[in-house]
Structures are given as C-alpha cells and as structure tokens.
Amino acid sequence: MNLSQEEWASQLASDEQAIVLDVRTAEECAQGIIPNAILIDIYKGQGFIYQVDELNKTKNIYVYCKAGGRSAQACAILNQLGFANAYNLMGGFMEWKGEVRLP
C-alpha cells in the first residue's frame with residue numbers, strides 16, 4: 001500500500017510493532033537512514049528474498065528506497081511472501097523530512 005510521507009510517518013510513529021525496511025544500496029544508505037531501519041538491498045535478488053522472508057510476517061513493514069520505485073517493488077514481493085501489511089513510502093528518502101541517522 002502506498003502512503004504519503006505524512007501518512008507513513010504518522011502511522012509508523014503510532015505502531016510499536018513496526019519493522020522499517022530500507023531497500024537501497026549500501027552507498028545510498030551511507031547518506032543516512034531512517035532510525036531503526038533494517039538494511040536489505042533489493043538489488044541482491046534472491047538474497048533479498050531470503051533475508052526478508054526471515055522477518056516477522058505478523059508485523060507491519062514500512063518500506064522505503066531513494067524515490068519510491070524499488071520500495072513499491074519490495075512491497076509487492078513482501079505481499080507474495082505472505083506479509084499482510086507492507087507500506088511503501090511514496091517519494092522515498094529524497095522527500096523524507098523526519099529524523100535521519102547515519103548507519
């Protein structure tokens with residue numbers, strides 16, 4: 001499900017069981033990440049699938065990338081793997097106005 005920056009941040013702030021997933025490359029993540037994000041590069045192909053498949057499928061997953069395209073792909077993959085709630089950050093990290101930390 002696509003969420004605006006405001007919806008994503010608001011929903012994430014009130015979700016104590018949330019998992020934040022950053023699907024960017026290591027080079028992109030070096031510019032900063034959203035706090036508590038798990039870094040799993042979607043370009044790892046099957047490796048990406050193996051890693052995300054180990055996450056808790058009962059929790060809400062908040063996914064982002066640089067601009068929103070790869071994270072939308074990741075949400076589709078998560079849904080196929082049985083995750084009930086995967087939320088894509090529209091506009092991605094480029095438009096993120098919330099807290100950022102270095103990895």
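All figures in this text were calculated on a predicted structure; none of them were measured in a lab. (Residues numbered from 1 in each chain as written. Predicted model: local features only at pLDDT ≥ 70, side-chain atom pairs only at ≥ 80, totals over all residues. Heavy atoms only, no water.)

Draft legend 1. Highlighting the environment of Lys59. Counting through the fold element by element, Lys59 comes out in the loop between helix H3 (46-53) and strand S4 (61-64). With residues up to four places along the chain from it excluded, the contact list for Lys59 reads Gln17, Ile19 and Asn85. (Helix = DSSP H or I, 4+ residues; strand = E, 2+ residues; numbered from the N terminus. Contact = heavy atoms within 4.5 Å.)

Draft legend 2. Summary view of the sheet that holds S4. The parallel open sheet is built from 5 strands, whose spatial order is S1-S5-S4-S2-S3. Strands at the two margins of the open sheet, each flanked by one partner only, are strand S1 (2-3) and strand S3 (37-39). In this sheet, S3 lies alongside strand S2 (residues 19-22) in parallel orientation, the contact comprising 3 bridges. Looking across to S3, one finds that Val20 is bridged to Ala37. Against the sheet, helix H4 (residues 69-80) touches S2, S4 and strand S5 (86-89), its axis set at about 175 degrees to S5. (Pairing = 2+ DSSP bridges. Axes fitted to C-alpha atoms, helices over the stretch in contact; angles between N-to-C directions.)

Draft legend 3. Representation of the nonpolar core in the model. The biggest cluster of nonpolar side chains holds 16 residues, and the ones touching the most others in it are Leu21, Val23, Phe48, Val52, Ile61, Val63 and Leu78. The set of elements that each furnish at least two residues to this core consists of S2, H3, S4 and H4. Discounting residues that sit within four places of it in the chain, Val23 has contacts with Ile40, Asp41, Ile42, Phe48, Val63, Tyr64, Cys65, Arg70, Ser71 and Ala74. Core analysis: the next-biggest nonpolar cluster, separate from the first, contains 14 residues, Val20, Ile34, Ala37 and Phe93 among them. (Core = buried A, V, L, I, M, F, W, Y, C linked by side-chain atoms within 4.5 Å. Buried < 20%, exposed > 50% of the residue type's maximum accessible area, 1.4 Å probe, protein only.)

It is worth stressing that arrangement in space is one thing and function is another; only the former is reported here.
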